[in-house]
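Residues per chain are reported as follows:
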Amino acid sequence: MNRVELELYLNDTLQIAQFRDYCPNGLQVEGRNEINRIASGVSASLAFLEAARDWGADAVLVHHGYFWKNEDARITGMKRKRLGLLIGNDINLFAYHLPLDAHPELGNNAQLGKWLGFADDGGRFGPDQLGWLGAPAQPTTLAELAAHVGRQLGRQPLVLGDPGRHVRRVAWCTGGAQGFFEAAIAAGADVYISGEVSEPTQHLALESGVGYLAAGHHATERGGAKAVGEHVAARFGLEHRFFDLPNPA
């Protein structure tokens with residue numbers, strides 16, 4: 001498949017023009033023109049790039065790419081090694097941040113909801129309406145939900161709040177979205193699930209009575225890039241492989 005055709009398709013599918021993001025979305029590093037093998041992963045770390053290169057990838061697709069707002073623009077150190085590997089091996093880098101969180105079918109939040117068996121009720125909250133609302137498959141408690149999340153994600157979440165609280169409405173947003181907790185509370189959630197936790201999160205949970213599960217930034221964001229990689233592979237006859245490199249964060 002031609003690189004430009006893939007870029008246009010991805011940009012249109014993920015509706016990148018709708019978002020004011022902290023990084024450029026789309027093709028971040030240009031490689032070879034023809035793409036037959038595409039590797040996906042959460043972050044464009046050196047270990048991921050090496051694995052993709054060894055597999056023979058023509059392109060990589062990630063959620064966390066490069067060129068973040070306010071980062072040092074100099075190409076030195078780790079940045080030089082990463083970019084050097086991509087350019088030296090003529091590998092394309094596609095990266096999608098907020099658009100990959102938000103996509104209603106292929107995005108990180110959509111995939112997390114499927115993994116956890118939540119019924120999406122169409123409710124949204126927070127900046128860019130990134131947060132999702134729904135219900136567990138059956139009424140449960142915070143402790144029981146935490147155990148379920150741990151089994152599904154392979155990582156036991158940090159639990160804040162009353163373990164015995166009854167959970168009928170769930171809010172979630174993957175990654176570092178602990179700042180959306182107050183919006184989730186205002187939206188009527190019994191529990192909010194995200195990837196990370198901050199010092200004020202404990203106080204919000206205790207004072208509001210709403211539970212909070214910090215299930216891991218990496219763990220909650222494994223779904224989007226994989227789903228998009230599988231989607232374009234099936235649509236255009238490409239080979240695809242998802243590399244899930246361990247990350248406890």
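Residues numbered from 1 in each chain as written. Predicted model: local features only at pLDDT ≥ 70, side-chain atom pairs only at ≥ 80, totals over all residues. Heavy atoms only, no water.

With respect to the overall build of the protein
So, step 1. The secondary structure content of the protein amounts to 10 helices and 13 strands.
So, step 2. Taken over C-alpha atoms, the radius of gyration comes to 19 Å for the protein, in line with the 18 Å a tight globule of 249 residues would show.
So, step 3. Taken over the C-alpha atoms alone, the protein extends approximately 55 × 40 × 30 Å along its principal axes.
So, step 4. The contacts in the protein between residues at least 6 apart in sequence include a share of 64% that link residues at least 24 apart.
So, step 5. Of the accessible surface of the protein, which amounts to about 11400 Å², a share of 50% is contributed by carbon and sulfur atoms. (Helix = DSSP H or I, 4+ residues; strand = E, 2+ residues; numbered from the N terminus. Rg over C-alpha atoms; globule rule 2.2 N^0.38 Å. Contact = heavy atoms within 4.5 Å. Areas by Shrake-Rupley, 256 points an atom, 1.4 Å probe, with all protein chains shown as cover.)

Looking at the sheet that holds strand 1 (residues 26-29)
So, step 1. Here 5 strands make up an open sheet; going across it, the order is 1-4-3-2-13 and the pairing mixed. Bordering the open sheet on either side are strand 1 and strand 13 (239-242), each of which pairs with just one other strand. If you compare each strand with its neighbour and ignore which way they point, the axes differ by 30° on average.
So, step 2. Pairing between strand 1 and strand 4 (residues 92-95): 3 bridges, direction antiparallel. Within strand 4, the residue paired with Gly26 across the bridge is Ala95. (Pairing = 2+ DSSP bridges. Axes fitted to C-alpha atoms, helices over the stretch in contact; angles between N-to-C directions.)

As for the UniProt feature "binding site: a divalent metal cation 2" (unreviewed entry) in the protein
So, step 1. Within this numbering scheme, the UniProt entry marks His64 as carrying the feature "binding site: a divalent metal cation 2" (unreviewed entry).
So, step 2. Note on placement: His64 falls in strand 3 (residues 59-64).
So, step 3. Under the relative-accessibility criterion, His64 is labelled buried at 15%.
So, step 4. In this structure His64 touches Val42, Ser43, Ala44, His97, His217 and Glu221, once residues within four positions along its chain are discounted.
So, step 5. Separated by 2.8 Å, the side chains of His64 and Ser43 make a polar contact. (UniProt positions renumbered as here; feature names shortened; annotations may be inferred. Buried < 20%, exposed > 50% of the residue type's maximum accessible area, 1.4 Å probe, protein only. Polar contact = N/O pair within 3.5 Å; in protein donor to acceptor, adjacent residues only side chain to side chain.)

A few points about the packing of helix 1 (residues 3-13) against helix 10 (residues 223-236)
So, step 1. The contact between helix 1 and helix 10 brings their axes to 12 Å, and the two run at 125°. In terms of their interaxial angle, helix 1 and helix 10 are classed as oblique. Of the two elements, helix 1 crosses helix 10, and the hand of that crossing is right-handed. Residues Leu6, Tyr9 and Leu10 of helix 1 pack against Val228, His231, Val232, Arg235 and Phe236 of helix 10. (Parallel < 35°, antiparallel > 145°, perpendicular 65-115°, else oblique. Left-handed = near helix turned anticlockwise from the far one by under 90°.)

Here's the deal with the pairing of strand 12 (residues 211-214)
So, step 1. Burial along strand 12 is two-sided: Gly211 and Leu213 facing one way and Tyr212 and Ala214 facing the other are all buried.
So, step 2. Inspection of the sheet shows strand 8 (residues 158-160) paired to strand 12 by 3 bridges, in the antiparallel sense. Looking at strand 12, one finds that Leu160 is bridged to Tyr212.
So, step 3. Two strands pair when backbone bridges link them, and strand 11 (residues 191-194) and strand 12 are joined in this way by 4 bridges, in the parallel orientation. In the sheet register, Tyr192 faces strand 12, and the bridge partner there is Tyr212.
So, step 4. In this region the chain leaves strand 11, passes through helix 8 (residues 199-208) and returns to the parallel neighbour strand 12; the handedness of that crossover is right-handed. (Right-handed = clockwise from strand over helix to strand, strands pointing away.)

Some words on the domain arrangement of the protein
So, step 1. Taken as a whole, the protein is organised into domain 1 (3-96 + 222-242) and domain 2 (108-219).
So, step 2. Measuring from the centre of the C-alpha atoms in domain 1 to the corresponding centre in domain 2 gives 29 Å.
So, step 3. Summed over both sides, the interface between domain 1 and domain 2 buries roughly 790 Å², with carbon and sulfur atoms accounting for 50% of that surface.
So, step 4. Among the residues domain 1 hides against domain 2, the three largest losses belong to Phe19, Arg222 and Gly223. Together they make up 55% of the total.
So, step 5. Scanning the region where domain 1 abuts domain 2 turns up 0 salt bridges. (Domains from an automatic or database assignment. Buried area = accessible area lost by both parts, 1.4 Å probe. Salt bridge = Lys/Arg side-chain N within 4 Å of Asp/Glu carboxyl O.)

So, the state of the cysteines
So, step 1. Scanning all chains against the criterion turns up 0 disulfides.
So, step 2. Cys173 provides the cysteine sulfur closest to Cys23, a residue in no disulfide bond, and the two sulfurs are 15 Å apart.
So, step 3. Judged by its relative accessible area of 3%, Cys173 is buried. (Disulfide = S-S within 2.5 Å.)

Observations regarding unusual backbone geometry
So, step 1. Here Asp128, not a glycine, exhibits a phi torsion of approximately 55°, which is positive.
So, step 2. Take Asp128: it is sitting in the loop between strand 5 (119-125) and strand 6 (131-135).
So, step 3. Looking at Asp128, the relative accessible area reads 43%, which means it is partly exposed.
So, step 4. Positive phi, normally seen in glycine, also occurs at Gln129, with a value near 55°.
So, step 5. Note on placement: Gln129 falls in the loop between strand 5 and strand 6.

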